[in-house]
Amino acid sequence: MARFGRSGQKTAGRGARRLVLGVLIAVALALVVAQSAPQISNFFVPARTTVSDRLRAPDEIGLWARITGQAVRERRIRELEGEVRDLARYKAAAISMADRLEAYERILNLMGEPPERGVTARVMTEVDGPFSQTLLANAGRLQGVAPGSVAVNEGGLVGRVIHLGERSARILLVSDYSSRLPVMGEVSGVRGIMYGQDREAGRLSDMPEETDFIEGERILTSGDGGAYPRGLVVGTARKEGGSWRVRLAMREHPGGYVRMIYPPEIPQPVPEPPPESPPAEAVSEAGVGAVQQGGGAP
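Below or above, wherever it landed, is the structure these notes cover. (Residues numbered from 1 in each chain as written. Predicted model: local features only at pLDDT ≥ 70, side-chain atom pairs only at ≥ 80, totals over all residues. Heavy atoms only, no water.)

1. Comments concerning the overall build of the protein chain
Along its length, the protein chain carries five helices and twelve strands. Looking at the protein chain as a whole, 26% of its 298 residues are labelled buried. Taking the contacts inside the protein chain whose residues are at least 6 apart along the sequence as the reference set, 53% of them involve residues at least 24 apart. Entry remark: accessible area of the protein chain is about 21700 Å², with carbon and sulfur atoms responsible for 59%. (Helix = DSSP H or I, 4+ residues; strand = E, 2+ residues; numbered from the N terminus. Buried < 20%, exposed > 50% of the residue type's maximum accessible area, 1.4 Å probe, protein only. Contact = heavy atoms within 4.5 Å. Areas by Shrake-Rupley, 256 points an atom, 1.4 Å probe, with all protein chains shown as cover.)

The following block contains the structure:
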C-alpha cells in the first residue's frame, strides 16, 4: 500500500509538471501570435521601449564585439545617441527662446518680418565660359519670378536674378568677382562688404568699425542698400593671414534647386505738392485795391 502511494504521488507530480509546462508553452505561442498582429503589437511598443531604455548598454565594448568587428558600429551608435541627446537639449532651448521672443514681440507690439513669397526652380550651372559664375533657372516671369529676385538654397544665399525671361532666369552668384554684398556678423555685429573671390569663399573689407569679426561666426546680409533682405545666411567668417574670408554656405548644400524670393520693396518718397497759387480774380482785386489806396493818399 505504501509503495502504491508513492507511485501515485510520483504520477500526480509528473502530471502537474506536464500541465504547467503545457500552460507555459500555450502562453508563449499566444504571445508569438499576438506579436504578429499589428493591432496587438502596437500595444506592446511602449512597454518594449521602456524596457530597452532601462537596459543601458555597458560602458565598455566587449571582447567579442572587437573580435567580430561590431565595435565600430557600437561606437558609432553611441556617438549618434550622444548627438541626439545634445540636439534634444538644443531643441528645448530653441523652443523656449522662440516662446520668449514671441512674448516680447507681443508686449512691444513689434511688427514681424513679412512672409517670404517666391518660386522654387531647378538650376543648371556652367563649369567654364563667361557664365561660369551664374546659374540658369527654369522659371521666369510666367511662373511669378520678379525682376531682381534673391535666390537662396538650403545652405543660404546664392545670388540675385540679373536677367529675367518668360520661362527662365539668370542668377548672378555672390561668388562672382563683380559682386558686392553688404553683410554683418551675427554675433559681433560688425558690418562690412563682401567681395566675390572664388567659388568657395568671399573676401571681407570696408569695415567701418574698429573691432573685427569673430572666428567661425555666421555672416548674414545686413540689408543695407535695399538690394537684399536682412538676415539671410551668407557663410562663416574665418581669418587667413591678415584678412577675413567668408566660407560660402551655399556650397554646403549644392542641390539642384533654388528658391527665388521677392526683393525687398523700397518705398519711393512721395513728392510734396507745389504751393497753391491764389486765383487770378483775387490777385486782380488785390491789385486794384492797392492802387485805389495809393490814389487816395495825400
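2. Here's the deal with the pattern of salt bridges
Scanning the entire structure with this criterion turns up eight salt bridges. Here arginine 191 ties to aspartate 224 by a salt bridge, and the two come within 3.2 Å at their closest N and O atoms. Note that arginine 191 is positioned in strand β7 (residues 191–196) and aspartate 224 in the loop between β9 (218–221) and β10 (233–240), a separation of 33 residues in sequence. A relative accessible area of 26% places arginine 191 in the partly exposed class. (Salt bridge = Lys/Arg side-chain N within 4 Å of Asp/Glu carboxyl O.)

3. Thoughts on the sheet that holds β7
Pairing is antiparallel in the closed barrel, where six strands are placed in the order β6-β7-β8-β11-β10-β9. Pairs of neighbouring strands in the sheet enclose a mean axial angle of 45°, with direction left out of account. Relative to β9, strand β6 (residues 180–185) runs antiparallel, the two sharing three bridges. When the sheet's bridge partners are listed, valine 183 is paired in β9 with threonine 221. (Pairing = 2+ DSSP bridges. Axes fitted to C-alpha atoms, helices over the stretch in contact; angles between N-to-C directions.)

4. So, helix α4 (residues 71–108)
Helix length check: α4, at 38 residues, gives a terminal C-alpha distance of 55 Å against a target of 56 Å (1.5 Å per residue), a fit within 8%. Within two residues after α4, asparagine 109 carries a phi angle of roughly 55°, on the positive side. (Expected span 1.5 Å × (residues − 1).)

5. What about the sheet that holds strand β2 (residues 134–137)?
The six strands lie next to each other as β1-β2-β5-β4-β3-β12, forming a closed barrel whose pairing is antiparallel. Adjacent strand axes in the sheet meet at a mean angle of 40°, parallel and antiparallel pairs treated alike. Looking at chain direction, strand β1 (residues 118–125) and strand β12 (residues 257–261) are connected through five bridges and run antiparallel. Its bridge partner being in β12, glycine 118 is matched across the sheet by isoleucine 261.

6. A short note on the nonpolar core
Membership of the largest hydrophobic core comes to 36 residues, with the highest contact counts inside it found for Leu157, Met194, Val234 and Met260. Beyond its immediate stretch of four places on either side in the chain, leucine 157 contacts Val150, Ala151, Val152, Val174, Leu181, Thr221, Tyr228, Leu232, Val233, Val234 and Met250. (Core = buried A, V, L, I, M, F, W, Y, C linked by side-chain atoms within 4.5 Å.)

7. Concerning the side chain of glutamine 133
The residue glutamine 133 is located in the loop between β1 and β2 in this model. In this view, glutamine 133 contacts Ile171, Leu172, Leu173, Ser175, Asp176 and Arg199; residues no more than four positions away in its chain are not counted.

8. Focus on a nonpolar patch on the surface
A cluster of nonpolar side chains, contributed by Leu19, Val23, Val27 and Leu31, occupies part of the molecular surface with about 360 Å² of accessible area. Along the chain, leucine 19 turns up in helix α1 (residues 2–36). Taking relative accessible area as the criterion, leucine 19 reaches 58% and is therefore assigned exposed. (Patch = residues over 30% accessible without salt bridge, like charges linked within 9 Å, V, L, I, M, F, W, Y side chains within 5 Å.)

9. Re the pairing of strand β8 (residues 201–205)
The buried count for β8 comes to four of five residues, which makes it a mostly enclosed element. Across four bridges, the pairing between β7 and β8 is antiparallel. Across the sheet, isoleucine 193 pairs through a bridge with serine 205, a residue of β8. In terms of strand pairing, β8 meets strand β11 (residues 243–248) through four bridges, oriented antiparallel. Paired with arginine 203 across the strands is arginine 245, a residue of β11.

10. Quick word on the pairing of β2
With three bridges connecting them, β1 and β2 associate as antiparallel partners. Following the sheet pairing, threonine 125 is matched in β2 by leucine 135.

11. Here's the deal with the environment of glutamate 240
Among the secondary structure elements, glutamate 240 is positioned in strand β10. In this structure the side chain of glutamate 240 is engaged in a polar contact, spanning 3.2 Å, whose partner is the side chain of arginine 238. (Polar contact = N/O pair within 3.5 Å; in protein donor to acceptor, adjacent residues only side chain to side chain.)

12. Details of the side chain of asparagine 153
Tracing the backbone through its elements, the reader meets asparagine 153 in the loop between β3 (150–152) and β4 (157–164). A relative accessible area of 17% means that asparagine 153 is categorised as buried. Only 3.0 Å separates the side chain of asparagine 153 from the backbone nitrogen of glycine 155, close enough to count as a polar contact. Setting aside residues no more than four positions away along its own chain, asparagine 153 makes contact with Val158, Met250, His253 and Tyr257.

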